[in-house]
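Fold and geometry: a report
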Amino acid sequence: MKTEYLSVTETAKLIRAALKTAFPNTTFSVKSKSYAGGASVSVYYTDGPPTPKVEEVAKPFAGASFDGSIDLKSYHSSTLNGKEVYFGADYVFVSRAFSGETITNEFGRSVINPDGPIPTIEKLLHARYTPNRGSTWEDKQDYERIAWQVLSSADLRFETMERAVNRFIAEN
């Protein structure tokens, strides 16, 4: 059986098709990049399914792995439609962003009242803040900026939204 070598562009097209099949209601941006010593594909999307679910679909198209303990990049083949192939992307990266509506919905569901109406982000952050540190949420009118800071510091695969908000408040 002859081994087929796919370019990073062809690999990106396969990833895009697999994501469209797996998540038809989500729009993905799939970008390929070649550089000295390798190539990669980056997948970007807003809201949609959790990152680990998207990684389950996209990461199998990575053609290499890296072992940091011995500083070794190794290439491996995969099977595609019964043929042995080498994917052109060494690595596949997945990045999820959150819209303002999702921030409000997620904060409202997990922090204030999981079963009740969704409050505005202003009410949510004000309700979680302990105003004895010399400033209040009224002094910081940019609630969405603060919410983005909370989300960007949280790894929601391992941390609940409530814990992320509490940690952010404790650190600030």
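Above this note sits the structure.
Residue numbers run consecutively from 1 along every chain, following the written order of its sequence. Local features in this predicted model are restricted to residues whose pLDDT is 70 or higher, and side-chain atom pairs enter the listing and the counts only when it is 80 or higher, whereas totals over whole chains, interfaces and linings include all residues. With hydrogens and water excluded, all non-hydrogen atoms of the structure serve as input to the side-chain values.

1. Here we look at the pattern of salt bridges
Two side chains with opposite charge may pair up if their charged atoms get near one another. Cut-off, in case you're wondering: Whenever Lys or Arg places a side-chain nitrogen within 4 Å of a carboxyl oxygen from Asp or Glu, that contact is recorded as a salt bridge. Think of it this way: any DSSP run of H or I at least four residues long counts as a helix, any run of E at least two long counts as a strand, and we number them from the N terminus. Throughout, exposure labels follow a simple rule: accessible area from a 1.4 Å probe, protein chains only, divided by the maximum for the residue type, with under 20% read as buried, over 50% as exposed, and the rest as partly exposed.
In this structure the tally under the stated criterion is two salt bridges. One salt bridge connects K83 with E4, and the closest N-O pair in it is separated by 3.7 Å. Placement of K83 in strand 7 (residues 83-86) and of E4 in strand 1 (residues 4-5) is noted, with a sequence separation of 79 residues between them. Take K83: its relative accessible area is 43%, and that puts it in the partly exposed class. A relative accessible area of 33% places E4 in the partly exposed class. Between D90 and K73 there is a salt bridge, with the nearest N and O atoms lying 2.7 Å from each other. Pair noted here: D90 is in the loop between strand 7 and strand 8 (91-97) and K73 is in strand 5 (residues 72-75), with a separation of 17 residues, a long-range link.

2. A word on the environment of V57
Counting through the fold element by element, V57 comes out in helix 2 (residues 51-58). When the C-alpha atoms of V57 and F23 are compared, they prove to be 9.7 Å apart, with 34 residues separating the residues in sequence.

3. Section: helix 2
Applied cut-off: Note: the arc covers the axis-to-C-beta directions of the helix. Only heavy atoms matter for contacts: two residues are in contact if any of them lie within 4.5 Å across the pair.
All of the buried residues along helix 2 are T51, V54, E55, V57 and A58. On an axial view of helix 2, the arc spanned by its buried residues comes to 160°, and they lie on one face. Looking at the packing, one finds that the buried side of helix 2 touches helix 1 (8-22), strand 2 (28-35), strand 3 (38-46) and strand 8.

4. Side note on the packing of aromatic side chains
Operational definition: Pairing of aromatic side chains requires ring centres within 6.5 Å, counting the rings of Phe and Tyr and the six-membered ring of Trp. Pairs whose planes differ by under 30 degrees are stacked, by over 60 edge-to-face, and all others tilted.
Counted according to the given criterion, the structure contains five aromatic pairs. With a centroid separation of 5.1 Å and 50° between ring planes, the pair formed by F28 and Y45 is classed as tilted. In this pair, F28 sits in strand 2 while Y45 sits in strand 3, placing the two residues 17 residues apart along the sequence. On the basis of an interplanar angle of 35° and a centroid distance of 6.3 Å, the ring pair of Y91 and F93 is categorised as tilted. By relative accessible area, F93 is classed as partly exposed at 42%. An aromatic cluster is defined as three or more aromatic residues linked by ring pairs; in this entry it consists of F23, F28 and Y45.

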